[in-house]
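# Structure at a glance
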Number of protein chains: 2
Amino acid sequence: MSRSFFHSLMNPSSIAIVGASNNPQKMGTLHGLSILKDGFKGEFYPVHPKEKTVLGFPAYASPFDLPKAPDLAIFVVPAVHLLPVFEAFGKIGTKYAIVVTAGFKEAGSEGVKLEEKLKELARKYNIRFVGPNCMGIINRDISLNTTVCPIIGEPGKLGFISQSGTYVTQSFDYLGKRGIRLSKAVSVGNEADVNITDVLEYLGEDDQTTAISMYIESICDVKRFLRVARRITPNKPVIAQYIGGSEAGGRAGLSHTGAMAGKDYLYDGLFKQAGIIRVYSVEELYGIGWTLATQPKIRGNRIGIITNSGGPGSAIADTCEANGCEMPPFSEDLQKRIKPLLPSHAPCANPVDFTFDLNMDTMTSTVPDLLMKSGEVDGIVLHGAMSTGFLAAIYPYRPGLIPGASLEEVIKGATKDLKDSVQVPFNNNIPMTVSSFFDRSDQFTQDYEDNNVPVFDSPEKAAHAISALVKYKSIQDREPFTPPSELKATETAYRIIREATEKKQTALDEYAAKKLLASYGIPVVKEALCYSEEEAIKAAEKISCPVVLKACDPTIMHKTEKGLVHLHLADSRSVQNAYQDIQQRAGQQLPVIVAEMFQDKREFLAGLTLDEQFGHCLAFGLGGIFTEALGDVSYRIAPLSVGEADEILRDIKSFTLLTRYRGMAEINLKLLVSLLSILSKLALIHTEIKEIDINPILFKGGEPFVADALIVL
Amino acid sequence: MSRSFFHSLMNPSSIAIVGASNNPQKMGTLHGLSILKDGFKGEFYPVHPKEKTVLGFPAYASPFDLPKAPDLAIFVVPAVHLLPVFEAFGKIGTKYAIVVTAGFKEAGSEGVKLEEKLKELARKYNIRFVGPNCMGIINRDISLNTTVCPIIGEPGKLGFISQSGTYVTQSFDYLGKRGIRLSKAVSVGNEADVNITDVLEYLGEDDQTTAISMYIESICDVKRFLRVARRITPNKPVIAQYIGGSEAGGRAGLSHTGAMAGKDYLYDGLFKQAGIIRVYSVEELYGIGWTLATQPKIRGNRIGIITNSGGPGSAIADTCEANGCEMPPFSEDLQKRIKPLLPSHAPCANPVDFTFDLNMDTMTSTVPDLLMKSGEVDGIVLHGAMSTGFLAAIYPYRPGLIPGASLEEVIKGATKDLKDSVQVPFNNNIPMTVSSFFDRSDQFTQDYEDNNVPVFDSPEKAAHAISALVKYKSIQDREPFTPPSELKATETAYRIIREATEKKQTALDEYAAKKLLASYGIPVVKEALCYSEEEAIKAAEKISCPVVLKACDPTIMHKTEKGLVHLHLADSRSVQNAYQDIQQRAGQQLPVIVAEMFQDKREFLAGLTLDEQFGHCLAFGLGGIFTEALGDVSYRIAPLSVGEADEILRDIKSFTLLTRYRGMAEINLKLLVSLLSILSKLALIHTEIKEIDINPILFKGGEPFVADALIVL
């Protein structure tokens, strides 16, 4: 696999920094210190107008004074001073940069102009850069940290991409205290050049990174993002939090990276389509990301629960079940083998409940190993492992009893080799998450975390994390993506659109809309367009009553409310009356659609919407009167493959209605999938089409057909 | 207000403990140590068969040797030894006890018997007791802690009731590290005598407790619980987590406290009815409980966000909005006053974003105060306050710069008086929650926590917590509860039920069911019961076609599938055919219901179900084919007041369908509320009724009527 340009940016052998000084209050200095102190082994060139040395290194007054063009230049200077020095690096031949400096697109119209100039310079000198308005990068492969905060702990396996600088700087103390360790991290800032998709692509290919977490406020190249993510997710889990869907969230996002806030439901659809696991808090972004990065792949959804107390055991069970896991009762045989290891009366059917036993070996090593080897579980959640943390907690009350022993001595005496406990998941190749009320001051928590077993501070979180592995399994189990087949344009469709545009219509009339859909093989209701009473009566006879009459005119909205739709017409007489009534109410001679009257309680909708950022998206959901009331609609980026169309069906809550349900006719899902897949391609063929709104889709003998449609040009 | 017996149990002036020794490995010793070391000032009597002194106090070989009958006796002895010593305390006149000992109901049939004997003894000697199988009690008023773990920090305002011992022992280290402090806590164990309702009632009256959190696996006296909670929640927030709804969760719960697992949706309805805020994790039980306990009442839902970074600001905004808050853009005037206090370009419309400014005074004191005084916000969420924690995080990189300064000196130099910051919410009587990635090693986190401002380790949690205050406001804003009015029994109903029971029917036939409902003023569809073709035709003429014909027999199920229902009968001929067809298919002479044919896409259901634990419950939700597919049904304990019936309507997702919606007839909610309230009382009047299932309820001109009903006896 060819390495991306971003690999080079992440692996400089020499770095210049502009803005670092010897003043520890300055941000630039902190950036410089991180590079030096976190162990970067390459060359380091501070550029400073006045100082002779900076942070112990010879300083250079200008880029032109440097002994060589550094691989990477980092800028932490006020925005007004940036462009000349940036250009100077271009002139000496530096090809990669990080612009920490803020005051660009996020800062209003002047900033937008400045950012344009920066991009121009970068293009002129072929510089690829991260930022502006970012916190920098981290690459644990080469001990490189260009952010302002020290990174804690050994290199880890989680890659992190963030549109908020905070999450790759101010959170390091938080991460260190939870044993969560990153492989690489990038704060992308305003994405004037490098964007999250570039970083995602890079981390997708990075061997050190086994899972990727992304904090997202906006995606500027949705289609490429989808393409890249779709390639990665079958082999490497990708987790994302999307923020900015609320009005105030958008307001905040807009001002802080200058990005456009998007529509939450479109991001939701995009993530599902791409196989990305969506999470809803930064805590999950870290904790679930860390779990996916460290744990063996899960083989099924059967979870074994080991606890030292009923409450947490039940909480784990409830949370697991709510998230798609099963907690099968263990076989008689397995229970027989567990029972002797537990206090008497302790339940062992799953959960295995040690009921406040301090025999930690059995609880954290023997029983987990037994469960994993039994073949009866695919993963384990463990609550209650504790030793030194618990002792420290009760220590204040112990000195009276053991007068001689200091806290340190008590802790030291209790500290053990926990290899058997912490290696259990890896020895058995079965994932495990741990819940503990004790932090890293407890040896169990610390040793688990330092050996890649995630520890959560509550049972629900540990359960949620193991469920994420099951979720990822379902992503890996998806049919491999195959691009949607091509759809051949029809002459009918071309003609219909041409005629409408010639008449300067902004929408097709209902009859034409359905004709267009039908020309692509989408089944529509039996109907005829009639220009006279006689035609209407004849059509009704041919279709056979009951029928519907509706005025057909692309310019008239809300036909039902205006009395221009007549339902349940049982005979010719009724058709005649309805025809006359419509003409009278319309106040003009209008063509009329005569259509088969068909009622079905199961009404669905399908449509194509056009979004500025996402392009055309397919919508599918519950239709009729339930559309707005229940909002049970799912979205995907168009066009959709057959597999993707099948997934969108199963994504809505009302999917049950599409299955063999309460004795209703079974629905032919294949036909529905085909309808959606075809629909999703129409806007690509006919670029004049802005939106298509089919509502309702009804079913006759289980076969879907379009009862009403609107096509906006 | 008269003090409950439980107040006496919680406030002993003398305590005896059986099971404490001088062996620090024994649980009994740990219980004893907590009492002594956490500062209990009353008399302390260890009872021990052999030791002369225990924990430095004179030990007594038997309760009969005690100088007086202690107010409270605590038992931590093996189950087999419990009864004799328990009885001895009864004999000397002790009235309150805590039975920590396990091995009772939770441990199988032998344990059930033992528990019965314990209860008998308690009744005999008038002893009220907590447990068995519990962890004990905490009462910070008198510095009493009978659990095995030391309690950390000053007394707090949150009362805690738990059916899991873990949450009032093993979590103390966790709570201490989050600054969450309890006023009182009770681990109720098996609830052989004292149950959570007793404790709830007590905490409801306790002045030191300003909010109550409950961990619940089962409620044994649902109606009393509802009565007690309903009295408390208008004045004091109550939060609950219910666990045990999953099969494995129930299995775990059953084994650990011997309680019966319940139905999640009934608990959900109960909590709503009682005005209890439901949470879904123990973390929320603590954190949201703590927020409700410490913060001033919120006056509205307008939240101001202050942040030092865009990401967390957006995350707070999104989470707040998703939970019923608004983040109004600040007025021009207010923005003008904030702007000069921020770095240039920093957004201030709400969120106010300091963009990594370390000017903490402005961020944590000046601006929050300004916002609170502006009248434009009802609450504030703050992210990014930090000082010593941040300095400690970056300290490893600083020694090179300030060679002389140790970490302690740096921290000391940065430590300030933060009174203005931490008092802001209380000075303004406006609530605030804080989000920080720094724990109590940061002075801000510590000082906030120690001064009753809740700090959360992620922005989403701080946002969620402030929303809980808004949620509680909506509970306080409810109409005061008035007991449901009485419903007078009808003669018709008595007669119908008598006739059916005389015939040994297990259900009323459909016609009788609707007649019964109608006798109470519940509107039903126009219909007639017909025993011949002629009667059917006449009835159809009277009702006017189209009509429905259905076989009427309480023993025949699935009539539609059996062809015993004919819809859309347009004339006498069709009625005749349908009548004949029904008789033929039934293979016997059956009476037939002739009913008005009426179709409405809005179909709802209402019913009464009978649950072993909850008694009769009212169900209301989306009906027709959507019943199972969408599961949009809500429950309440019967009977319901008019106010409660009104609430259940608004509780379902599809409530929109009941409002003026898409030009459909507006529904008369008053009539629907009245229908539900009447329905909820029927099983109280007619104890023979087990279940009532009305599905669908349809609407004619916006007025509800029952189209089909089943009454099970």
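For clarity, every value in this text was computed on a predicted model and none was experimentally measured. (Residues numbered from 1 in each chain as written. Chains lettered and ligands numbered in written order. Predicted model: local features only at pLDDT ≥ 70, side-chain atom pairs only at ≥ 80, totals over all residues.)

### Here's the deal with the overall build of chain A
Within chain A one finds 26 helices and 29 strands. Within chain A, the fraction of its 713 residues that count as buried is 55%. The long-range fraction of contacts in chain A, counting pairs at least 24 apart against all pairs at least 6 apart in sequence, stands at 71%. (Helix = DSSP H or I, 4+ residues; strand = E, 2+ residues; numbered from the N terminus. Buried ≥ 20, exposed ≤ 12 C-beta atoms within 10 Å, placed from the backbone. Contact = placed C-beta atoms within 7 Å.)

### With respect to the sheet that holds strand 5 (residues 72-75) of chain A
Residues and elements named next belong to chain A. Taken in spatial order, the five strands line up as 2-1-5-6-7 in an open sheet, and their pairing is parallel. Two strands lie at the open edges of the sheet, namely strand 2 (43-47) and strand 7 (128-130), each paired on one side alone. The sheet shows a mean angle of 20 degrees between the axes of neighbouring strands, taken without regard to direction. Relative to strand 6 (residues 96-99), strand 5 runs parallel, the two sharing four bridges. Each residue of the ladder has a partner; that of Phe75, found in strand 6, is Val99. Those strands touched by helix 2 (residues 27-37) are strand 1 (14-18), strand 2 and strand 5, and its axis lies near 165 degrees from that of strand 1. Running at roughly 175 degrees to strand 5, helix 3 (residues 79-92) makes contact with strand 1, strand 5 and strand 6 of the sheet. (Pairing = 2+ DSSP bridges. Axes fitted to C-alpha atoms, helices over the stretch in contact; angles between N-to-C directions.)

### Here's the deal with the domain arrangement of chain A
Split by domain assignment, chain A resolves into domain 1 (1-133), domain 2 (152-294) and domain 3 (296-476). In this structure, domain 1 of chain A and domain 3 of chain A have C-alpha centres spaced 47 Å apart. (Domains from an automatic or database assignment.)

### A word on the pairing of strand 12 (residues 211-216) of chain B
Residues and elements named next belong to chain B. Counting buried positions along strand 12 gives six out of six residues, so the element sits mostly inside the fold. Bridge count between strand 10 (residues 158-162) and strand 12: five bridges; the pairing is parallel. Following the sheet pairing, Ser162 is matched in strand 12 by Tyr215. In this region the chain leaves strand 12, passes through helix 7 (residues 222-232) and returns to the parallel neighbour strand 13 (residues 238-242); the handedness of that crossover is right-handed. (Right-handed = clockwise from strand over helix to strand, strands pointing away.)

### So, the packing of helix 3 (residues 79-92) of chain B against helix 4 (residues 109-124) of chain B
Residues and elements named next belong to chain B. The contact between helix 3 and helix 4 brings their axes to 10 Å, and the two run at 5 degrees. With respect to each other, helix 3 and helix 4 are oriented roughly parallel. Taken together, the residues of helix 4 that come into contact with helix 3 (itself represented by Ala79, Leu83, Phe86, Glu87 and Gly90) are Leu114, Lys117, Leu118, Leu121 and Lys124. (Parallel < 35°, antiparallel > 145°, perpendicular 65-115°, else oblique.)

### Considering the sheet that holds strand 9 (residues 144-145) of chain A
All names here are of chain A. If you trace the seven strands from one edge of the open sheet to the other, you get 9-8-11-10-12-13-14, paired in mixed fashion. Every other strand in the sheet has two partners, leaving strand 9 and strand 14 (277-279) as the edge strands with one partner each. Inspection of the sheet shows strand 12 (residues 211-216) paired to strand 13 (residues 238-242) by five bridges, in the parallel sense. The residue bridging Ile216 from the neighbouring strand is Tyr242, located in strand 13. The strands touched by helix 6 (residues 196-205) are strand 10 (158-162), strand 11 (182-187) and strand 12; relative to strand 12, the strand with the most contacts, the crossing angle is about 170 degrees.

### Observations regarding the interface of chain A and chain B
With 85 residues of chain A in contact, the opposing surface of chain B contributes 85 residues. Residue assignment for the side of chain A that touches chain B shows that the elements contributing at least two residues are helix 2, helix 5 (172-176), helix 8 (247-257), helix 10 (282-294), helix 11 (310-322), helix 14 (388-394), helix 19 (459-476) and helix 24 (626-630) of chain A. It is helix 11 of chain A that provides the largest number of residues to the side of chain A that touches chain B, a total of nine residues.

### Focus: the packing of helix 22 (residues 533-543) of chain A against helix 23 (residues 572-586) of chain A
All names here are of chain A. Between helix 22 and helix 23, the shortest axis-to-axis distance is 9 Å and the interhelical angle comes to 140 degrees. In terms of orientation, helix 22 lies oblique with respect to helix 23. Of the two elements, helix 22 crosses helix 23, and the hand of that crossing is right-handed. Facing Glu533, Ala536, Ile537, Ala540 and Glu541 of helix 22, the residues of helix 23 in contact are Ser572, Val575, Gln576 and Tyr579. Across the contact of helix 22 with helix 23, the residue classes tally to five nonpolar, two polar and two charged. (Left-handed = near helix turned anticlockwise from the far one by under 90°. Nonpolar A, V, L, I, M, F, W, Y, C, P; charged D, E, K, R; others polar.)

### Here we look at helix 22 (residues 533-543) of chain B
Residue and element names in this part refer to chain B. When we look at burial in helix 22, the residues that qualify are Ala536, Ala539 and Ala540. One side of helix 22 holds all its buried residues, which, seen down the axis, span an arc of 100 degrees. In helix 22, the exposed positions that point more than 90 degrees away from the buried face belong to Glu534 and Lys542. Looking at the buried residues of helix 22, the elements they touch are strand 20 (527-530), strand 21 (547-551), strand 22 (565-569), helix 23 (572-586) and strand 23 (592-596). (Arc of directions from axis to C-beta.)

### Considering helix 21 (residues 510-519) of chain A
Residue and element names in this part refer to chain A. Of all 10 residues that make up helix 21, seven are buried, and the element is covered over most of its length. The complete set of buried residues in helix 21 reads Glu510, Tyr511, Ala512, Ala513, Lys514, Leu516 and Leu517. Its buried side turned inward, helix 21 meets helix 20 (491-502), strand 20 (527-530), strand 23 (592-596), strand 28 (703-706) and strand 29 (709-712). Two residues or fewer past helix 21, Gly521 is found with a positive phi of approximately 90 degrees.

### Overview of the relation of the copies chain A and chain B
Superposing chain A onto chain B requires a rotation of 180 degrees together with a translation of 0.0 Å along the rotation axis, leaving an RMSD of 0.0 Å. What we have between these two chains is a two-fold relation. When C-alpha distances to the rotation axis are compared across chain A, the minimum falls at Lys601 of chain A, with a value of 3.6 Å. Looking at chain A, 99% of its interface residues are interface residues in chain B too, so the copies touch through the same face. (Least-squares fit on C-alpha atoms with pLDDT ≥ 70 in both.)

### Quick notes on the environment of Ala102 of chain A
Residue position: Ala102 of chain A is located in the loop between strand 6 and helix 4 (109-124). For Ala102 of chain A, a count of 26 C-beta atoms within 10 Å corresponds to the buried category. Spatially, the C-alpha atom of Ala102 of chain A lies 7.5 Å from that of Cys134 of chain A, the residues being 32 residues apart in sequence. Those residues in contact with Ala102 of chain A, other than ones at most four positions away along the chain, are Ala79, Pro132 and Asn133 of chain A together with Thr355 of chain B.

### Section: the pairing of strand 2 (residues 43-47) of chain B
All names here are of chain B. The buried fraction of strand 2 is high, at four of five residues. As defined by bridge partners, strand 1 (residues 14-18) adjoins strand 2 across five bridges and the pair is classed as parallel. Looking at the pairing, Ala16 lines up with Tyr45 of strand 2.

### Observations regarding unusual backbone geometry
In this model, Cys545 of chain A is joined to Pro546 of chain A through a cis peptide bond whose omega is 0 degrees. Within the fold, Pro546 of chain A resides in the loop between helix 22 and strand 21 (547-551). Notably, Asn452 of chain A is not glycine yet its phi reads approximately 70 degrees, a positive angle. With 20 C-beta atoms counted inside 10 Å, the residue Asn452 of chain A sits in the buried group. With a phi close to 55 degrees, Leu55 of chain B is a non-glycine residue in the positive phi region. With respect to the helices and strands, the residue Leu55 of chain B is situated in the loop between strand 3 (53-54) and strand 4 (57-58). Since 22 C-beta atoms lie within 10 Å of it, Leu55 of chain B is described here as buried.

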